[in-house]
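# A look at the structure
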Amino acid sequence: MPITSHNVKINTLEIKITGQVQGVGFRPFIYRIANQYNLTGWVQNRSGEVIVLAQGHEHNLNAFQNAVLTQHPPLAIPFIESVNSIECEPLNTFIISKSSSSAQAQRHIPPDFFTCNDCLAELTDPHERRYRYPFINCTQCGPRYTIINDLPYDRPNTSMSDFPLCTSCYKEYSNTLDRRFHAQPLACSECGPELTFITEHAHSKKTVSKKTASENRSSGNEAALASTVDALKQGLIIALKGIGGYHLICDATNEDAVQRLRKRKHRPDKPLAIMFSSLHNAKDQDGLSQLMRYCSPDKIEAETISSPQRPIVLIKTNNTLLAPSVNTGLNEIGAMLAYSPLHYLLLKDFGLPIVATSGNLSGEPVLTDNQQAQQRLHKIADAFLHHNRSILRPADDSVVRIIYHKKRLFRIGRGIAPLEFNLPYMLKEPILAVGGQMKNTIALAWDNRLVISPHIGELDSKRSTEVFAQVIDDLCHLYRVTPKHIICDAHPDYFSSRYAHTYAHTHKISLSQVQHHKAHANIVCGAYNIKYPKKTSSKKYLVFTWDGTGLGDDKTLWGGEGFYGHAGNWQRVTSIKPFYLQGGDKAAREPWRSACALLWEEGIVENNFSTNKTSRTLAFQAWNKRLNTIQSSSMGRLFDAASALLGLGEISSFEGQGPMLLEALLADAVETNAESLSATRHNIDKSALPLYHQQDNSSADKQLLIIADWSELLSLLLDEAQTIEQRALCFHLKIAETLIAQAKEIRALKGDFCVGLSGGVFQNKFLSETILKRLEEENFASFLPEEIPYNDAGLAFGQIIEAVHL
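Computed from a predicted structure; not experimentally measured.

Sheet strands line up and pair through hydrogen bonds in the backbone, either parallel or antiparallel. An order of β18-β21-β20-β19-β22-β23 is seen for the six strands of this open sheet, with the pairing classed as mixed. If you trace the sheet from one side to the other, it starts and ends with β18 (419-422) and β23 (510-514), each paired once. Going from strand to strand, the sheet's axes swing by 20° on average, the running direction of each strand aside. In terms of strand pairing, β18 meets strand β21 (residues 449-452) through four bridges, oriented antiparallel. Pairing of E420 across the sheet is with V451, part of β21. Strands in contact with helix α13 (residues 516-531) are β18, β22 (485-489) and β23; relative to β23, the strand with the most contacts, it is inclined by about 95°.

Put into structure tokens, the structure is as follows:
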């Protein structure tokens, strides 16, 4: 029965709140608004969800629930899952109860957050006790995912348990009205983590501040920061420990320093991320003034780079103030703003942007441990800026590109990971998906929930495979999920596939395989279902899955395919004319092999490539005999061939280099010669490639396959009467128009559907925007995923979507 007080009914409600309510100051918020509405009771954290027992007048209880959903802390994403009226004795106060652990609770792991404005104000105020403290934080900012050992999210369950609070910090931590109430990473210079700077003399005769060999260590925050700034000014390379791991940093305006970093890291060409200062002041309200001196972000790019996630954003730059080799041959840089207090201080003191590339050996997960970093990076870094707060698991920087006016996530990392979704249906059993070989992530799904891990990387090194296994164990532990089924790619030689078979055998659970490009198709289908859950009943899709490679159902290499249907029921309906590719895995890094494969298919044996003639002769002989040669229908390899035939490079030092140079060449030409290229666009042949039909022998029912014949591209690409820019433009337009032609033929056969794009080829901004615009003109509904990577980083997500619909 409700309690009656002075003839006014007093009700008691038990309210369960789920969503992102851990590590965001949610309980103090509940405490404040409960007192605001004169409620009594308590709030308790239960391993990922919050339970509120609230007692008061009905209208106050209603106002309280509305405030939970409309006035919550900026980083919180709460959902009121249930409200139950219960009987309870009268309560006199509202309190915050001690957290309890519940295996059945809906666990949510918060990502790491950028430094909030309140903490930045303290960081730069000489009168504040945390002035220039490089680990300042509160309930609205600081590390989360990378320091959590377990839930509930309390200090003993984090790596901050190594740092007992001083008296002053404990007062803030215990004060329910303080913004640092129960801020688990809370610390100050008296009780918290600190910096240590160590020089490494192996590479350079230079020593920081003329220190002797016995004085190569600077301990304490100010001394370590000063030594780091001094080292940057001398052109040295520093391995800096941040939130989710180490960065390798140097002066982004110093060409010599950047070249040495490239040489030591064996990264001759791949673009390097640049970090810019983002301190707000009276003259710089948005914190973008330094960035604007070097880059030209549009409105959406500026909003994205300064968003709470603080991702790397691909932004145009034509500024000569940066070292030329930060983005050799390209017209964009990966730009990000400082996001931790350490970065803010360093960039403020140094005064120039810095290269901030992942602190790893290329392709591996970012390093997190002080000793391991010093051992593995000593041949790259001249010095190390360590701190003594443990990073429990790596989280590299997230990467975003704006395509067709929307953010497209390319890499899941710090600020975003772990990436959590609610599915519009319930799963029968918990599922683990292990993704592919490159850009690896793993995914975990149970009930109606799905979680994608941060970027792990290429699974071709011992460290990568160790982190891969650690992330699986960590996510299963943190979310209290025991997989009953495991999914992998159909390629038997991927490390992730071999791991899945061993895992299934060891844990005695079932296993299934999902073909690579069907997983790509499911990224579109699953992402659309999550974004538009009310629009998906009986929806049909035509998804073009264009990438570099993936083992097809017929054991050839696919990569130019289109699939019609929906998750669990895909029919391959489009492809490109297959060609025989010689050299195995070498083909991805040697675009001349793709170019020669196309030429040889058309009977053109002689070519003018500068690649060693003996190598070409041996490759041709092997190709003729079909030795180490496999049939491919890869659109990614077609772009490789185009870049090689246009003279942009016969050997690549990183995946996708040729196509990226091809896109950059075109983008530069469009910007500098817009008028002439616009005229060219009207005059050149931009018609679709010829299409022909044949039966799909990879399917049991021999369905019709609409194939694009690339043969006529060779004469275009070799036509020296046109400029390279004109040929690049024509190539892109013909490829785009070919997709439209294939979609129109399928529509004539199947009726209406949504056209989706998935796969690494569609990271090409010019191509994707041209296609999306043409689809609109032809009255197609279209979808290019935004919140889930549609490159191989999304494969684990796609694998789960396929499995639950079979």
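Right, let's talk about the sheet that holds strand β9 (residues 238-241) for a bit. Strand order in the open sheet formed by 11 strands is β8-β7-β15-β9-β10-β14-β11-β13-β12-β16-β17, and the pairing between neighbours is mixed. Across the chains shown, the open sheet's two edge strands, defined by having one partner strand only, are β8 (217-219) and β17 (406-411). This sheet shows a mean twist of 30° between the axes of neighbouring strands, independent of strand direction. With two bridges connecting them, strand β12 (residues 312-316) and strand β16 (residues 399-403) associate as parallel partners. When the sheet's bridge partners are listed, V313 is paired in β16 with V400. Packed onto the sheet, helix α5 (residues 221-233) meets β7 (195-199), β8, β9, β10 (246-251), β14 (354-358) and β15 (383-387) and runs at close to 40° relative to β7. Along the sheet, helix α10 (residues 370-377) contacts β7, β9, β10 and β15; its crossing angle with β15, the most-contacted strand, is approximately 170°.

For the rest of this paragraph, the subject is the nonpolar core. The biggest cluster of nonpolar side chains holds 147 residues, and the ones touching the most others in it are I735 and F762. In terms of residues, this core owes the most to one element, helix α20 (residues 724-750), which gives nine residues. Contact partners of F762, with chain neighbours within four places excluded, come to I403, F544, W546, L739, L757, L767, S768, I771, L784 and Y790. By size, the runner-up hydrophobic cluster in this structure holds 33 residues, among which are I237, Y246, A257 and I305.

What counts and what doesn't
- Within each chain, residues carry numbers counting from 1 in the order of the written sequence.
- Totals for whole chains, interfaces and linings use all residues, but because this is a predicted model, local features are given only for residues with pLDDT of at least 70 and pairs of side-chain atoms are given and counted only at 80 or more.
- Hydrogens and water are ignored here; the side-chain numbers use all heavy atoms of the structure.
- Here, a strand pair is defined by DSSP locating no fewer than two bridges between the strands.
- Here a strand is any run of E in DSSP of at least two residues, a helix any run of H or I of at least four, and the numbering for each starts at the N terminus.
- Think of each axis as a best-fit line through the C-alpha atoms, taken over the contacting stretch in the case of a helix, with angles from 0 to 180 degrees between the N-to-C directions.
- What makes two residues a contact is simply this: any of their non-hydrogen atoms within 4.5 Å.
- Think of a nonpolar core as a cluster: buried Ala, Val, Leu, Ile, Met, Phe, Trp, Tyr and Cys residues, connected wherever their side-chain atoms sit within 4.5 Å.
- Note on exposure labels: buried denotes an accessible area under 20% of the residue type's maximum, exposed denotes more than 50%, and partly exposed covers the range between, all computed with a 1.4 Å probe on protein chains only.

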